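# Chains, contacts and geometry: an overview
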Amino acid sequence: MVKVTIPGYICEISEEDREELEKLLFKFGKARRRAYSLRRKGYTKSEIEKILQDEICLNARYIKDAYHSVKDLPSHVTFGGIKNQRLREKGKISKEEFHRRRNSIVISRGEKSKNGNLNMRLDLERMELRINTGEDRKWIYPKVYIPEKYLEKYGHLLDGSTPYTVLIKRRNDGYDVRITVEVQTEVKEGKRVLALDVNAGHIDFAVVEKEEPKVIATGRVEVHETQFVRKGKRAYRIHQAVDKIGNIAKHYDADVFVGKLNTGSFNSNNRKANREVKN
């Protein structure tokens, strides 16, 4: 099984429904920050969920999703982004706009027993997203656009027969929608193994026959600087390296062997190399 994310956006929403969606974004953002704070203080999952249900007007499913979205976050997270915090400190954006940017996402995980997703259910006939506002039996129904090629390929997985996760993210004055669903795939085992060795600035590789310990090819994949670049460019460069590795594996009909990268124990006399490898 692999996870596939289907892109889309809300293409039509009434002013009344927009107001309700903004309230939901604010409540969910508050729940995420509160859950993160309580987790840092040592509260357990059940304790956090109980506190959030008492403090925030959201149903239990949204509360659980809010906790799930922050449980693996590292320490010292800046909700809304450090860039927006600096803008607020310099007075370049208002307090209201800063709060708006901090509360920009809402997530709903699905269940197969609940026809795909209970809080956010996609109606493929009307192309509407039925969104629970966080209160019992109160819903909004904005229109959603999903590219036809995704509907043709994955539409059968969005009819409620399988669970799917929905993420709504504010984009300027609109809302992006991302639907993640698991897709059954057939995995064909390769004849060889592609082993990787991560270094500062490049990744060495070796292709080995499975039936006998024979190396048939070696080489390297250059990896450009990733530490001191903006987030988007870092992701782009990482994808470039991954694509190169994938092409090499496909060429040699090899499985890529990935192990735990124990970068914490890497130690070199070259301080720059230490930084780059750990990054």
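In short, a report on the structure.

Rules and cut-offs
- Residues numbered from 1 in each chain as written.
- Predicted model: local features only at pLDDT ≥ 70, side-chain atom pairs only at ≥ 80, totals over all residues.
- Heavy atoms only, no water.
- Helix = DSSP H or I, 4+ residues; strand = E, 2+ residues; numbered from the N terminus.
- Buried < 20%, exposed > 50% of the residue type's maximum accessible area, 1.4 Å probe, protein only.
- Contact = heavy atoms within 4.5 Å.
- Areas by Shrake-Rupley, 256 points an atom, 1.4 Å probe, with all protein chains shown as cover.
- Polar contact = N/O pair within 3.5 Å; in protein donor to acceptor, adjacent residues only side chain to side chain.
- Core = buried A, V, L, I, M, F, W, Y, C linked by side-chain atoms within 4.5 Å.

### Focus on the overall build of the protein chain
- Looking only at helices and strands, the protein chain has eight helices and twelve strands in total.
- Dimensions along the principal axes, computed over C-alpha positions, put the protein chain at roughly 65 × 50 × 35 Å.
- The 279 residues of the protein chain split such that 34% are buried.
- Across the protein chain, every contact between residues at least 6 apart in sequence was considered, and the portion connecting residues at least 24 apart equals 59%.
- Accessible surface, the protein chain as shown: approximately 17,900 Å² in total, 48% of it carbon and sulfur.

### Re unusual backbone geometry
- Phi at N172 takes a positive value of approximately 55°, unusual for a residue other than glycine.
- Inspection of the secondary structure assignment puts N172 in the loop between β7 (164–171) and β8 (174–183).
- Located in the positive-phi region is D253, a residue other than glycine, with phi close to 55°.
- Here D253 shows up in the loop between α7 (231–251) and β12 (254–257).

### Let's talk about the side chain of D176
- Mapped onto the fold, D176 is located in strand β8.
- In terms of polar contacts, D176 uses its side chain to reach the side chain of R171, at 2.7 Å.
- In this structure D176 touches G8, Y9, L167, I168, K169 and R171, once residues within four positions along its chain are discounted.

### A closer look at the nonpolar core
- Of all hydrophobic cores here, the largest spans 44 residues; its most connected members are L21, L129, I168 and I179.
- The element contributing the most residues to this core is helix α1 (residues 15–40), with eight residues.
- What L129 contacts, discounting residues up to four positions off in sequence, is M120, R121, L122, I140, Y141, P142, V144, V166, I168 and V177.
- With ten residues, the next largest nonpolar core counts L194, F205, A217 and V221 among its residues.

Interpretation note: all reported values are geometric properties and have no functional meaning in isolation.
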